[in-house]
Amino acid sequence: SFDGVFDGCGMTIKSLYYNIDQANYRTQGGLFGVVGGIVKNITLESPKVYGDSYCGAIAGVTGNNQNSTAIIKGCTINDGTIKCNVGAGGIVGAAKGAIIDCCISKCEIVASTRLCGGITGDLSYQWKEGVVKNCKVTNSKISSSGHSVGGIVGWCSGANIYASAVVDRKISGL
């Protein structure tokens, strides 16, 4: 788990490639696997993230314990592909914390079974309130052959979504 502060200072990472070996049943993939701290001000161009469960361009999971801060802020994902079986999100696979001022554009996000969203596949309250605020999804394809699919969030339980938008998108699922 990453529990510190990562400030990308507006820099761009190009062509991140992350592919989880499903035979080893490892989960939570992205630039970070699990974030309990703060990740901010970074752009990912053309990231490719593949795995079994809980995958996002920035993190697989945020909010790993009751003492975690878990904030993702000011992150942008362009022309990305995130694909996994359950819990796919453009920014974070499963969020138990805050995602603020983030956007995705021209991305394909696929959860083959369930929990798929433009920003996060699963936004929930566990130790602290889950929040998505001031986020935007544009020109992206979000799909699942299962349930809980949404432009911003696939599944939301005990959490809040504020001032966020989906524009020019294709969303499909049950």
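Residues numbered from 1 in each chain as written. Predicted model: local features only at pLDDT ≥ 70, side-chain atom pairs only at ≥ 80, totals over all residues. Heavy atoms only, no water.

Each helix and strand in the protein chain was counted, giving 0 helices and 23 strands. Every one of the 174 residues in the protein chain was classed for burial, and the buried ones make up 50%. Excluding contacts between residues fewer than 6 apart, the proportion of contacts in the protein chain whose partners are at least 24 apart in sequence is 81%. Element-wise, carbon and sulfur atoms account for 47% of the exposed surface of the protein chain, whose accessible area totals about 7,400 Å². Across the protein chain, the mean location of the 15 positive side-chain charges is 3 Å away from that of the 11 negative side-chain charges. (Helix = DSSP H or I, 4+ residues; strand = E, 2+ residues; numbered from the N terminus. Buried < 20%, exposed > 50% of the residue type's maximum accessible area, 1.4 Å probe, protein only. Contact = heavy atoms within 4.5 Å. Areas by Shrake-Rupley, 256 points an atom, 1.4 Å probe, with all protein chains shown as cover. Lys, Arg positive; Asp, Glu negative; His and termini not counted. Charge placed at Lys NZ, Arg CZ, Asp CG, Glu CD.)

Along the chain, the position of Val-131 falls in strand β16 (residues 131–133). In sequence terms Val-131 and Gly-158 are 27 residues apart; their C-alpha atoms lie 9.5 Å from each other. Once residues within four sequence positions are removed from consideration, Val-131 is found in contact with Gly-97, Ala-98, Ile-99, Leu-123, Asn-160 and Tyr-162.

Attention shifts here to the packing of aromatic side chains. Across all of its chains, the model carries 3 aromatic pairs by this definition. Seen from their ring centres, Phe-6 and Phe-32 are 5.5 Å apart, and the 70 degrees between their planes marks the pair as edge-to-face. In this pair, Phe-6 is assigned in strand β1 (residues 5–14) and Phe-32 in strand β3 (residues 32–35), connecting sequence segments 26 residues apart. The partly exposed category is assigned to Phe-6, whose relative accessible area is 27%. In this structure Phe-32 comes out as buried when scored by relative accessible area, which is 14%. Residues Tyr-17 and Tyr-50 carry aromatic rings whose centres are separated by 6.0 Å and whose planes lie at 55 degrees to one another, so their mutual orientation is tilted. On the criterion of sequence distance, the pair formed by Tyr-17 in strand β2 (residues 17–19) and Tyr-50 in strand β5 (residues 48–50) is long-range, its members being 33 residues apart. (Phe/Tyr/Trp six-rings, centres within 6.5 Å; stacked < 30°, edge-to-face > 60°.)

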